[in-house]
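Listed here are the chains, written in short residue letters.
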Amino acid sequence: MSEINNENVKQLHDLISGFKKNYEEDCDFAYVYLAIKEDFNLDEYSEQVSDYEHEFLDDIEYIHQTSGFSGDDFNGTLIRNIKGTDYCLVIEYSM
């Protein structure tokens, strides 16, 4: 097993920060976390090519949205798989 070092942590920090910054411009609230892919049934999500490119992320994003209480807003989850791993970045948001 390889050891984690400051450079690995910095790369992960930069990845999460860039991911969040790209999507939070359109959101009232955005919460980002790292998850295991198998925790999500991606068949329940819409699939589209992302406009946010990053060397560590697959080009496809998975989105699931539901209407909020007022009907004028909605909540959603967006998932991007991390290339070559069993992990993904998840952003939960409201608009």
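Residue positions within a chain follow its written sequence, with the count starting from 1. pLDDT decides what is reported in this predicted model: residues at 70 or higher carry local features, side-chain atom pairs at 80 or more are listed and counted, and totals for whole chains, interfaces and linings draw on all residues regardless. Water and hydrogen atoms play no part in the side-chain values, which are based on all heavy atoms of the structure.

**Looking at the nonpolar core**
Throughout, nonpolar core names a set of buried Ala, Val, Leu, Ile, Met, Phe, Trp, Tyr and Cys residues whose side chains join them through atoms within 4.5 Å. Buried, partly exposed and exposed residues are distinguished by accessible area as a fraction of the type maximum, computed with a 1.4 Å probe on protein chains only: under 20%, between the cut-offs, and over 50%, respectively. If you look at the biggest cluster of nonpolar residues, it comprises 14 residues, and the most contacted ones within it are Phe19, Tyr23, Leu57, Leu78, Leu89, Ile91 and Tyr93. Throughout, a residue-residue contact means that at least one pair of heavy atoms, one from each residue, lies within 4.5 Å. Apart from residues no more than four positions distant in its own chain, leucine 57 is found in contact with Leu15, Phe19, Tyr52, Arg80, Asn81, Ile82, Lys83 and Leu89.

**A few points about the pairing of strand β4 (residues 74-82)**
For the purposes of this entry, the term helix denotes a DSSP run of H or I that reaches at least four residues, the term strand denotes a run of E that reaches at least two, and both are numbered from the N terminus. Within β4, seven of the nine residues are buried, which leaves the element mostly enclosed by the surrounding structure. Whether two strands pair comes down to DSSP finding at least two bridges between them. As paired elements, strand β3 (residues 57-67) and β4 share eight bridges and run antiparallel to each other. Each residue of the ladder has a partner; that of serine 67, found in β4, is phenylalanine 74. In terms of strand pairing, β4 meets strand β5 (residues 87-94) through seven bridges, oriented antiparallel. Each bridged residue has a counterpart across the sheet, and for isoleucine 79 the counterpart in β5 is valine 90. Where β4 folds back on β5, the antiparallel hairpin that results is connected by four residues, among which glycine 84 adopts a positive phi of roughly 70°.

**Thoughts on the pattern of salt bridges**
When a carboxyl oxygen of Asp or Glu lies within 4 Å of a side-chain nitrogen of Lys or Arg, that pair is called a salt bridge. Here the structure, examined in full by the defined rule, presents one salt bridge. For aspartate 14, the salt bridge is made with lysine 10, and the minimal N-O distance between the two is 2.6 Å. Of this pair, aspartate 14 and lysine 10 both sit in helix α1 (residues 6-24), four residues apart, roughly one helical turn. Residue classification places aspartate 14 among the partly exposed positions, given a relative accessible area of 37%. For lysine 10, a relative accessible area of 45% corresponds to the partly exposed category.

**A look at the side chain of arginine 80**
Inspection of the secondary structure puts arginine 80 in strand β4. Here a polar contact is taken to be a pair of N or O atoms separated by no more than 3.5 Å, where protein atoms must pair a possible hydrogen donor with a possible acceptor and residues adjacent in sequence count only if both atoms sit in side chains. A distance of 2.8 Å separates polar atoms of two side chains, one belonging to arginine 80 and the other to serine 50. A polar contact of 2.6 Å, which involves the side chain of arginine 80, links it to the backbone oxygen of aspartate 58. In this structure, arginine 80 is in contact with Phe19, Tyr23, Ser50, Tyr52, Leu57, Asp58, Asp59, Ile60, Glu61, Cys88 and Leu89, ignoring residues within four places of it in sequence.

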